[in-house]
Amino acid sequence: MTGTTILTGQVLSLVRDPFAGPPEEAIRLDGAIAVTAGRIAGTGSRAELEAAHPGAQVVSCGERVILPGFVDAHVHFPQTAIVASWGKRLIDWLNTYTFPEEMRFADPAYAADVAARYLDLALDHGTTAMCSYCTIHPESVDAIFAAAEARGMAIAAGKTCMDRNAPEALRDTARSAHDDSAALIVRWHGRGRAVYAITPRFSPTSTPDQLAALGELWAANPTCLMQTHLSEQTDEIAWVKQLYPQARDYLDTYEAHGLLGARGIYGHAIHLDPREIDRLAETGASVAHCPTSNTFIGSGLCDVTGLRGRGINVGLATDTGGGSSFSMLRTMAAAYEVGQLRGTALHPAQLLWLATEGAARALNLGGQIGTLATGAWADLVALDLASTPAIAQRSARANDIWEAIFPTIMMGDDRAIAGVWVAGRRVRG
Ligand code: GUN
Ligand code: ZN
């Protein structure tokens, strides 16, 4: 058979939810993975796959660990150039750094430049799919979808909607947010690998009218995602209480306007009331956990284990540029550290799950990306477990795959990304 490629290496599949049972039993290790027409045709031994795919081209990845490409459940591509901006907490950080930068995206050439730069950085770091905020400018949405399409990447994205508490140049209206988003849905949703995410930035920057208009838009387009921010900082929560005096809690500001549902992705979700946790669980909503952002902006420690224990899906996310890294390895390390500060050490299988399957499920792309299951897209990454001398000397001591991989999770960066494939096409390494 022609057209099949077999990659050999340490092929690591997460075959069970590592939060639902013993994490070390959640994996399967194979010696090879077959790729046909951009999709995974199977995993197994090299001999098994060669027998199943006679004439396949065999590409050796040596001892590298082959995983699904990382999926980033919450990122702001327009904040690429202001990553690592010093000294502010959320609201001041938005006003000082973020809003001035987002204004620049009125220029389509600038939007296209940053979109390309961001996606290239993401691929350098082994991230093959993401859910991104844009700016209020429809041109910024066109820019990221077009750049992802040119790279063959799966992406969810949407126009960020704000009609108050933002500079004049970054404000739309309830009507224009609805109509511009509706036009973008027609243009992009379901085109190739593109998914549209209806995107009210967060309750403080939307009037109740705008939230209601976007709730109606979601009801009319139920296969779209909806992404927003929830309970990131305590000052923000107090502000939401003032702005929405009749709301039972922060989540209720969304729920009351038709913005709570299974395809909703709620970024941060740190300081939750019991009712909010109940409603996230009952509705099948997803939380995007953004640990580098939560420490960088000083937001708090998300209870990932508790949320997963309630059956709430959680995807890992960089939240760049509130987050301080483009690397999902660095983000896994931060998730581990946040877990430790909460008294729960996340197992490497759990960290990898959050960065692949959990994030894919948040994007409603479970089974399609973030997995090595047969039939899924062949979006893959090959990890070098000895990418620096410090990591190499530690992994040389490893007694099992987890001890071998954990130093790369904790200390690795783009140097550990030895290969990246998007829909079966090798794009790095
Ligand atoms: N809340 C509202 N907007 C933002 C943003 O751009 N980044 C973060 N981290 N939180 C937000
Ligand atoms: Zn964010």
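So, here is what we can say about the structure in this document. Predicted model only: the values in this text are computed from it and were never measured.

1. A look at the site of ligand 1
Then, in step 1: Of all residues adjacent to ligand 1, which total 13 residues, the nearest are His76, Gln79, Arg201, Glu232 and Asp319.
Then, in step 2: For ligand 1, a nitrogen atom lies 2.7 Å from a polar atom in the side chain of aspartate 319.
Then, in step 3: The protein chains hide 100% of the 280 Å² of surface that ligand 1 would expose on its own.
Then, in step 4: Structurally, ligand 1 is housed in the largest cavity.
Then, in step 5: In terms of residues, the shell around ligand 1 owes the most to one element, helix 2 (residues 90-103), which gives 3 residues.

2. A look at the coordination of the zinc ion (ligand 2)
Then, in step 1: Taken together, the protein ligands of the zinc ion (ligand 2) are His74 (NE2), His76 (NE2), His229 (NE2) and Asp319 (OD), with distances of 2.0 to 2.2 Å.
Then, in step 2: For the zinc ion (ligand 2), the 4 donor atoms in the first shell make angles of 89 to 164° at the metal, so the coordination geometry reads as irregular.
Then, in step 3: When the donors of the zinc ion (ligand 2) are listed by position in the chain, the intervening gaps give H-x1-H-x152-H-x89-D. Pair noted here: histidine 74 is in strand 5 (residues 70-76) and histidine 229 is in strand 10 (residues 225-230), with a separation of 155 residues, a long-range link. The two residues histidine 74 and histidine 229 agree in class, both being buried.

3. As for the sheet that holds strand 14 (residues 380-383)
Then, in step 1: Strand order in the open sheet formed by 7 strands is 3-2-1-4-14-15-16, with mixed pairing between adjacent strands. The outermost strands of the open sheet, each flanked by one partner alone, are strand 3 (39-44) and strand 16 (425-428). For this sheet, the mean angle separating the axes of adjacent strands, direction not counted, is 35°.

4. A closer look at the packing of helix 4 (residues 138-151) against helix 5 (residues 174-188)
Then, in step 1: At a minimum axis separation of 11 Å, helix 4 and helix 5 run at an interaxial angle of 15°. For the element pair helix 4 / helix 5, the angle class is roughly parallel. Crossing hand, helix 4 versus helix 5: right-handed. In this structure, helix 4 contributes Pro138, Val141, Asp142, Phe145, Ala146 and Glu149 to the contact, and helix 5 contributes Asp180, Leu184, Arg187 and Trp188.

Calculation criteria
Residues numbered from 1 in each chain as written. Chains lettered and ligands numbered in written order. Predicted model: local features only at pLDDT ≥ 70, side-chain atom pairs only at ≥ 80, totals over all residues. Heavy atoms only, no water. Near = heavy atom within 4 Å. Polar contact = N/O pair within 3.5 Å; in protein donor to acceptor, adjacent residues only side chain to side chain. Areas by Shrake-Rupley, 256 points an atom, 1.4 Å probe, with all protein chains shown as cover. 1 Å grid on protein atoms, 1.4 Å probe; cavity = no way out; pocket = protein on both sides within 12 Å on 5 of 7 lines; lining within 4 Å. Sits in = over half its atoms within 2 Å of the grid points. Helix = DSSP H or I, 4+ residues; strand = E, 2+ residues; numbered from the N terminus. Donors = N, O, S within 2.8 Å, 3.2 Å for Na, K, Ca; no water. Tetrahedral: all angles 85-135°; square planar, octahedral: opposite > 155°, others 65-115°. Buried < 20%, exposed > 50% of the residue type's maximum accessible area, 1.4 Å probe, protein only. Pairing = 2+ DSSP bridges. Axes fitted to C-alpha atoms, helices over the stretch in contact; angles between N-to-C directions. Parallel < 35°, antiparallel > 145°, perpendicular 65-115°, else oblique. Left-handed = near helix turned anticlockwise from the far one by under 90°. Contact = heavy atoms within 4.5 Å.

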